[in-house]
Amino acid sequence: EYGVSPAQPVEILQFGRALTEDCESLHRQTRELQFEVDRESVLSGFALHVTIDCGGGAPIISSAEPGTHWDNCLVLIERDVQVRPGDVVDLVVDIDLERKDPKYSFKAQLHPRGTADVEPPALILDTVIA
């Protein structure tokens with residue numbers, strides 16, 4: 001196990017909804033995630049994996065588990081950061097699927113434990129994947 005905090009969903013695609021509703025919300029998404037660090041470690045980046053749940057009792061498929069053809073993506077931060085239990089990492093992901101080549105923007109800030117009201121967070125990631 002390599003994670004310092006439980007996983008959270010970033011991009012949610014609900015294809016059944018696209019048949020009955022305006023598809024604009026599927027093309028542009030922003031997710032604001034907050035990870036509370038639960039063990040001391042070095043943070044090197046964020047691992048992204050695909051989970052597919054078709055419902056109706058069909059098996060859930062995840063690229064985080066062995067046996068699928070889906071690849072995982074690792075978004076590395078510029079330099080490793082020491083994190084401790086109680087630290088908080090805020091991650092904002094902007095997803096633009098309106099383009100021919102989808103664009104994902106990532107911005108992460110680290111709030112060391114006990115400093116939220118004392119000092120500004122450290123920017124640890126500001127990158128675009130297109």
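Residues numbered from 1 in each chain as written. Predicted model: local features only at pLDDT ≥ 70, side-chain atom pairs only at ≥ 80, totals over all residues. Heavy atoms only, no water.

S.K.: Just to check I follow, could you spell out the packing of aromatic side chains for this structure?
M.R.: Geometry of an aromatic ring pair is reported as the spacing of the ring centres plus the angle between the planes. Across all of its chains, the model carries one aromatic pair by this definition. Each ring, one from Phe-35 and one from Phe-46, has its centre 6.2 Å from the other, and the planes form 40°; the classification is tilted. Note that Phe-35 is positioned in strand β1 (residues 28-36) and Phe-46 in strand β2 (residues 41-48), a separation of 11 residues in sequence. Residue class for Phe-46 comes out buried when judged on its relative accessible area of 10%. (Phe/Tyr/Trp six-rings, centres within 6.5 Å; stacked < 30°, edge-to-face > 60°. Helix = DSSP H or I, 4+ residues; strand = E, 2+ residues; numbered from the N terminus. Buried < 20%, exposed > 50% of the residue type's maximum accessible area, 1.4 Å probe, protein only.)

S.K.: Please explain the sheet that holds β1 as it appears in this structure.
M.R.: Strands in a sheet are paired, the pairing made by backbone hydrogen bonds, and the direction either parallel or antiparallel. Judged by pairing direction, the sheet is antiparallel, and its four strands sit side by side in the order β1-β6-β7-β8 without closing on themselves. If you trace the sheet from one side to the other, it starts and ends with β1 and β8 (122-129), each paired once. Across the sheet, the mean angle from the axis of one strand to that of its neighbour is 10°, orientation sign disregarded. Both β1 and strand β6 (residues 88-96) contribute to a ladder of nine bridges, which runs antiparallel. Following the sheet pairing, Thr-30 is matched in β6 by Asp-94. (Pairing = 2+ DSSP bridges. Axes fitted to C-alpha atoms, helices over the stretch in contact; angles between N-to-C directions.)

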